Structure formats: structure tokens, C-alpha cells
Amino acid sequence: MLPINLFYGLLILLILLPLIIFRFSRYKNSLKINRYLALGLVTLAALLWGAVNQLVIVRDDNQFQEYALFFPQQYQLANQQQLAVPYQFGWRKAVVVNDGQLPLIYETVKYGSSDTEVQIIGVLPYALLKNLPEPISYRFTQPPSAVRLTFIGSDLRGWIHR
């Protein structure tokens, strides 16, 4: 498991590195190669961003840890049980692990004019919830009543709370 902030930092580096290489290249013959390298690294960054699973581990004191998951992992819960955390194929999948005695709620928040239903799913103590409809955007904070939508007329976002 890779901490999510480190993962996002590496993605930014993958995007900036080809731009730096392309900008400071002095050889005109290698211009075509540098363009392909830049395009390839940016494409790789986009694929990694979409293929990674978001793993959020929540404890009873509402503290959470967020990781990037690339393959199945084992996680030891606070009650000493081993939990198999699966990797899910697909675009922007999320998993929540409730590592405490208090139940947890996953809810989708709808913005814009969408005809999709808002979902509310409970997470039992010391349990895992996978195949979430949306990645988790809000963690124990009240989501805003409106967000700015750029290209699409609606958006769904995940929210975990007690």
C-alpha cells in the first residue's frame, strides 16, 4: 500500500518530467522522440490515476488513513483479525475498511441534474466495503451544498461519516 499523497506526488512528477525534458532539449533531431516520450509519460500517469484503487482505513476516533492500492493486500485489524483487501479492476474504484467498533456510513452526494439515486450503505465494525459507486471525496466533514461542474451537468461523490 502506498500513501495516497505520495502516489499523487509521483503522478505530478510523471506529468512534469516530460515537460521539463521537452523544454530543455537542445537536439532538434530528438524533438520527435521527446514528444513521444512526453505523450507516453502523460498517458501512463493518466492510466495509473484511473486504475488505482482508493483504500480508506477508518478508526473509531474518526481518524483515517488513505492509500493507493495496486494489487490485493492483507490488513491486520485492531482486533487482530486478518482482512484480505482485494484489488478491483475498473476506473477509480474505492474500498473502505472500518477498523473499529463503531458502524460507519458511506453515502453518495449528488450535484447537478442527475437522475441517479443517492445511495446510503452501512459498514459494520471490523468489516470491509468494496465496489463503491464513487470514490470517497469527503471524510467526516460535511460536503458542500454545491460544487462547480465544468464539463458535465452532474456529478456524484462519496462521503463517509458516522
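Sequence order sets the numbering: in each chain, residues are counted from 1 along the sequence as written. Confidence filtering applies because this is a predicted model: local features only for residues at pLDDT of at least 70, side-chain atom pairs given and counted only at 80 or more, and all residues used for totals across whole chains, interfaces and linings. Calculated side-chain values reflect all of the structure's heavy atoms, with hydrogen atoms and water omitted.

Trainee: In this structure, what is going on with the sheet that holds strand S3 (residues 64-69)? I would like to understand it.
Mentor: Picture the strands of a sheet paired through backbone hydrogen bonds; they go either parallel or antiparallel. Two strands qualify as a pair provided DSSP detects at least 2 bridges between them. We count a stretch as a helix when DSSP gives it H or I for four or more residues in a row; a strand needs E for two or more, and each element gets its number in order from the N terminus. In space, the five strands of this open sheet follow the order S1-S3-S2-S6-S9, with mixed pairing throughout. Edge positions in the sheet fall to strand S1 (2-3) and strand S9 (127-129), since each of these pairs with one other strand and no more. Relative to S9, strand S6 (residues 94-98) is paired through three bridges, and the arrangement is antiparallel. When the bridges of S9 are listed, asparagine 98 appears paired with alanine 127.

Trainee: I tried to follow the layout of surface pockets on my own but got confused; where do I start?
Mentor: Rolled over the atoms, a probe sized like a water molecule indicates the empty space that remains. There is about 200 Å³ of room inside the largest pocket. If you go around the largest pocket, you meet 16 residues; those closest to its centre are Tyr8, Gln54, Arg92, Pro135 and Ile136. At the level of secondary structure, the elements contributing two or more residues to the lining of the largest pocket comprise helix H1 (4-24), strand S2 (53-58), strand S10 (136-139) and strand S11 (154-161). Polar here means any residue other than Ala, Val, Leu, Ile, Met, Phe, Trp, Tyr, Cys and Pro, which are nonpolar, and Asp, Glu, Lys and Arg, which are charged; Gly is therefore polar. When the residues that make up the lining of the largest pocket are grouped by side-chain class, the tally is seven nonpolar, three polar and six charged. Grid spacing is 1 Å over the protein atoms alone, the probe is 1.4 Å, and a cavity is where that probe fits but cannot get out, while a pocket is an open set with protein on both sides within 12 Å along at least five of seven lines and lining residues have an atom within 4 Å of a point. Grid points are joined across faces, edges and corners, and a volume is the space filled by probe spheres set on the points.

Trainee: Looking at this structure, I do not really get the environment of proline 144. What am I missing?
Mentor: Along the chain, proline 144 turns up in the loop between S10 and S11. Between the alpha carbons of proline 144 and leucine 10 there is a distance of 29 Å; along the sequence they are 134 residues apart. Pairs of residues are marked as contacts when any of their non-hydrogen atoms sit within 4.5 Å. Every residue in contact with proline 144, bar those within four places of it in the chain, is listed here: Tyr111 and Tyr138.

Trainee: Explain the sheet that holds strand S7 (residues 104-112) to me, please; I cannot follow it from the model alone.
Mentor: Taken together, four strands build an open sheet; the order of strands is S8-S7-S11-S10 and the sheet is mixed. Of all the strands in the sheet, just strand S8 (120-123) and S10 have a single pairing partner and so form its edges. Between one strand axis and the next, the sheet turns through 30° on average, direction left out of account. Alignment of S10 against S11, held across three bridges, turns out to be parallel. By the bridge assignment for S11, arginine 139 is matched with isoleucine 160. Axis geometry follows a simple rule: fit a line to the C-alpha atoms, using only the stretch in contact for helices, then measure angles between N-to-C directions, giving values from 0 to 180 degrees.

No statement about biological role is implied by the geometric values presented.
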